Amino acid sequence: MRLHVAGTVLAAALAVAHGWAVNVGGGMHHAHREDGSGWCPYADITLAVQRIRAASAGAVSRVMVIDLDVHQGNGVERDKLAANDEQMYILDMYNSHTYPLDTPAKAAINAKVELRPGTADEEYLSQLHSALAKAAAVFPQPHLVIYNAGTDILAGDPLGSLCVSAAGVQQRDAAVFAFAEQQGAPIAMLLSGGYTRASAGVIVESLTALLRGLAGKLGSLGDAS
């Protein structure tokens, strides 16, 4: 688990340096600086934000956390409230009928999308696009986007209870990366939760599509030069 934390801290730094990075772990969003919770022993997101702010001497201060794991990211939210961190914007989209049901922590959420069990692709993606549009209007051009990309939204996940397809996950990830690009913001992606055997394959397919898209853009830039 400590390696997951190191990966998140490193991903944030690499994203700022190179535009994007992926930690194939991390995203322990239930933990806060005082304690672990919900299978999350360490507050890797809070630590990564603290470290990148310190290392950049304030150049990276405005951080947007886009949490699309199926569960409310209450640990990150509790840390934001404790620090009175007005330079962090949280978009949290989650099943409102499952763990952790942390009502006090919701005060930290800037764009809150509470989903019903059984939510499928069309509604899910519509809600996401609306939330991203709101984020762009209220908190434009963040210095860093931390994207908590849980695959526990997949249909059949025993801890998620949503009905998003593999294609829906891929569209979700593409939408968040496109949002970061439009905002001129580096993005650090964390894989977070996912509790079906299908999750690994879905992650591979989505990351492959993202990397192909990034490679294509780099190729286009090379042709243009």
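Shown above is the structure to which this text applies.
Throughout what follows, the structure given in this document is the object of discussion. (Residues numbered from 1 in each chain as written. Predicted model: local features only at pLDDT ≥ 70, side-chain atom pairs only at ≥ 80, totals over all residues. Heavy atoms only, no water.)

Comments concerning the overall build of the protein chain
Part 1 of the reasoning: What the protein chain contains, in helices and strands, is 6 helices and 6 strands.
Part 2 of the reasoning: Ordered by position in the sequence, the α and β elements of the protein chain form the string α-β-α-β-α-β-β-α-β-α-β-α.
Part 3 of the reasoning: Expected size for 225 residues packed as a compact globule is a radius of gyration near 17 Å; at 16 Å, the protein chain falls within 12% of this value.
Part 4 of the reasoning: If you line up the protein chain on its principal axes, its C-alpha atoms span 50 × 40 × 35 Å.
Part 5 of the reasoning: Counting over 225 residues, the protein chain shows a buried share of 50%.
Part 6 of the reasoning: Restricting to contacts in the protein chain with at least 6 residues of sequence separation, those with at least 24 account for 71%.
Part 7 of the reasoning: Total accessible area on the protein chain is roughly 10200 Å²; 56% of this is exposed by carbon and sulfur atoms.
Part 8 of the reasoning: Treating the 15 positive side-chain charges of the protein chain as one cloud and the 21 negative ones as another, the clouds have centres 3 Å apart. (Helix = DSSP H or I, 4+ residues; strand = E, 2+ residues; numbered from the N terminus. Rg over C-alpha atoms; globule rule 2.2 N^0.38 Å. Buried < 20%, exposed > 50% of the residue type's maximum accessible area, 1.4 Å probe, protein only. Contact = heavy atoms within 4.5 Å. Areas by Shrake-Rupley, 256 points an atom, 1.4 Å probe, with all protein chains shown as cover. Lys, Arg positive; Asp, Glu negative; His and termini not counted. Charge placed at Lys NZ, Arg CZ, Asp CG, Glu CD.)

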